[in-house]
Amino acid sequence: MGPRDGGGIGDLAGEMEVDAFRLLFPLRFYERHLLESIRPDARPLGTARDTSVALGAVGSADGSALAKIGHTTMLAAIKMEVMIPSSESPDEGCVAIEFHMPPICSPLVRPGRPAVAAPVISKQLSDVILSSQMINLKELSLITGKAAWMVYLDIYCLDADGSLFDAALLSAVAAFSNLCIPAVSVNEDGRVIASSGENREGKTMKELLNKEKRKLTLSCIPFSLTCILHKKYILADPTAEEESIMETLVTVVLDSSTRLISLYKPGGPFLAYTSVVQDCIALTSRRVKELQKIISEAISDMEAD
């Protein structure tokens, strides 16, 4: 056996020792890295993982997107239906958001058992998207008091490797930026149907509401960053492993002009002091610029195609 072979075996033994230490003493393993201001995946503490967005991922949807942050992967799809608006908001449409975690997304999600996190993230997404006023619900009105758009946004988690809310929100924003509102008309019976000059019964259209598909106007677009708080350290965009080991999370949501939309701290033993919250907001502000650029490039790529 030559020295090169011996070195290879030594390296392998060393790797096995590191893996065993990581498995048996995960917090100590991470804290050794934190002392050097680095993480096991070689990221600096305040840096997010590689992020990508692809628009129009679902051909049958009115708007869709695939978003990835590291291994965490979200598929968002929008379908629109005409509804009768409520009497409280006769000139507004409505948005319904559902977040799904099928068993394929994580070994922690068991078939036949709904994931505990799914309804929580659904509620957070609804609160953020509506409170940010990214969407003007009046833009979804067709005929005041009679017809408006019901927007169904479904987000499917395909791979759950931490920072689920951040990736879900990014996919939602991307899907809305890809959304084309269908062309519709009113027929002689007063029904709103897909616009094509005349309907299947041969009745002519009395009124064109949308002559052609149109985009939704988006403003105050929300973006988020989740951070782990551990001792004196702040780790941006945690992986699932990091979330399971260091349990204090803070998620900051800012809009495109860095206005604070919301701040979530679901639990954990760490007290979020003002200075720590300010540091998290500063990291999120930097992240907003990165995500705006990623969305803009995805839109440009879609238009080029």
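It should be noted that the structure appears before, not after, this text.
These remarks concern the structure in this document. Owing to the predicted nature of the structure, the values given are computational and were not obtained by experimental measurement.

### Considerations on the sheet that holds strand β15 (residues 260-264)
Next up, step 1: Strand order in this open sheet of four strands is β13-β12-β14-β15, and the pairing throughout is antiparallel. One side of each edge strand has no neighbouring strand; the edge strands of this open sheet are β13 (233-236) and β15. Neighbour-to-neighbour, the strand axes of the sheet open up by a mean angle of 25°, direction not taken into account.
Next up, step 2: Across four bridges, strand β12 (residues 222-230) lies against β13 in antiparallel orientation. By the bridge assignment for β13, Leu 229 is matched with Ile 234.
Next up, step 3: The sheet contacts of helix α3 (residues 117-131) involve β12, β14 (249-255) and β15, and relative to β15 the element is tilted by about 160°.
Next up, step 4: Running at roughly 175° to β12, helix α4 (residues 164-178) makes contact with β12, β14 and β15 of the sheet.

### Some points on the packing of α3 against α4
Next up, step 1: In the contact formed by α3 and α4, the axes pass within 11 Å of each other and the chain directions differ by 50°. As judged from the angle between their axes, α3 and α4 are oblique. Here α3 and α4 pass one another in a crossing that is right-handed. Packed against α3, whose contacting residues are Ile 121, Gln 124, Leu 125, Val 128 and Ile 129, the element α4 presents Leu 164, Phe 165, Ala 168, Leu 169, Ala 172 and Phe 176 at the interface.
Next up, step 2: Of the residues belonging to the contact of α3 with α4, the class tally is 10 nonpolar, one polar and no charged.

### Observations concerning the pairing of strand β4 (residues 94-100)
Next up, step 1: Here β4 shows a clear split, with Val 95, Ile 97 and Phe 99 buried on one side and none of Cys 94, Ala 96, Glu 98 and His 100 buried on the other.
Next up, step 2: Alignment of β4 against strand β6 (residues 147-159), held across seven bridges, turns out to be parallel. Its bridge partner lying in β6, Cys 94 is registered against Met 150.

### Digging into the nonpolar core
Next up, step 1: Of all hydrophobic cores here, the largest spans 70 residues; its most connected members are Phe 99, Met 101, Leu 153 and Phe 176.
Next up, step 2: Not counting residues within four places of it along the chain, the set of residues in contact with Phe 99 comprises Met 74, Ala 118, Ile 121, Ser 122, Leu 125, Ile 155, Cys 157 and Ala 168.
Next up, step 3: Within the second largest apolar cluster, 10 residues are counted, among which are Tyr 30, Leu 34, Ile 228 and Ile 245.

### As for the packing of aromatic side chains
Next up, step 1: Counting across every chain of the model gives one aromatic pair.
Next up, step 2: Ring geometry for Phe 165 against Tyr 264: centres 5.9 Å apart, planes inclined by 65°, an arrangement best described as edge-to-face. Here Phe 165, found in helix α4, pairs with Tyr 264, found in strand β15; they are 99 residues apart in sequence, far enough to count as distant. Comparing Phe 165 with Tyr 264 shows no difference in burial state: the two are buried.

The rules we used
- Each residue is numbered by its place in its chain's sequence as written, counting from 1.
- For this predicted model, a pLDDT threshold of at least 70 governs which residues receive local features, and a threshold of 80 or more governs which side-chain atom pairs are given and counted, while totals over whole chains, interfaces and linings are taken from all residues.
- For side-chain calculations, the full set of non-hydrogen atoms in the structure is used, while hydrogens and water are omitted.
- Strand pairing requires that DSSP identify at least two bridges connecting the strands.
- Helical segments are the DSSP runs of H or I of at least four residues, strand segments are the runs of E of at least two, and each set is numbered from the N terminus.
- A fitted line through C-alpha atoms represents every axis, and for helices the fit uses only the stretch in contact; the resulting angles, taken between N-to-C directions, go from 0 to 180 degrees.
- Working rule for contacts: check all heavy atoms of both residues, and any pair within 4.5 Å makes them a contact.
- Each angle gets one of four labels, with under 35 degrees taken as roughly parallel, over 145 as roughly antiparallel, 65 to 115 as roughly perpendicular, and the rest as oblique.
- By definition, turning the near helix anticlockwise from the far helix through less than a right angle yields a left-handed crossing, and turning it clockwise yields a right-handed one.
- Following the grouping adopted for this structure description, the nonpolar residues are Ala, Val, Leu, Ile, Met, Phe, Trp, Tyr, Cys and Pro, the charged ones are Asp, Glu, Lys and Arg, and the polar ones are all others, Gly among them.
- The buried label applies to any residue whose accessible area, calculated with a 1.4 Å probe on protein chains only, is under 20% of its type's maximum; exposed applies above 50%, and partly exposed to all values in between.
- Residues enter a nonpolar core if they are buried and are Ala, Val, Leu, Ile, Met, Phe, Trp, Tyr or Cys, with the set joined through side-chain atoms within 4.5 Å.
- The pairing test for Phe, Tyr and Trp rings, Trp by its six-membered ring, is centres within 6.5 Å, and the orientation test on the planes gives stacked under 30 degrees, edge-to-face over 60, and tilted for anything in between.

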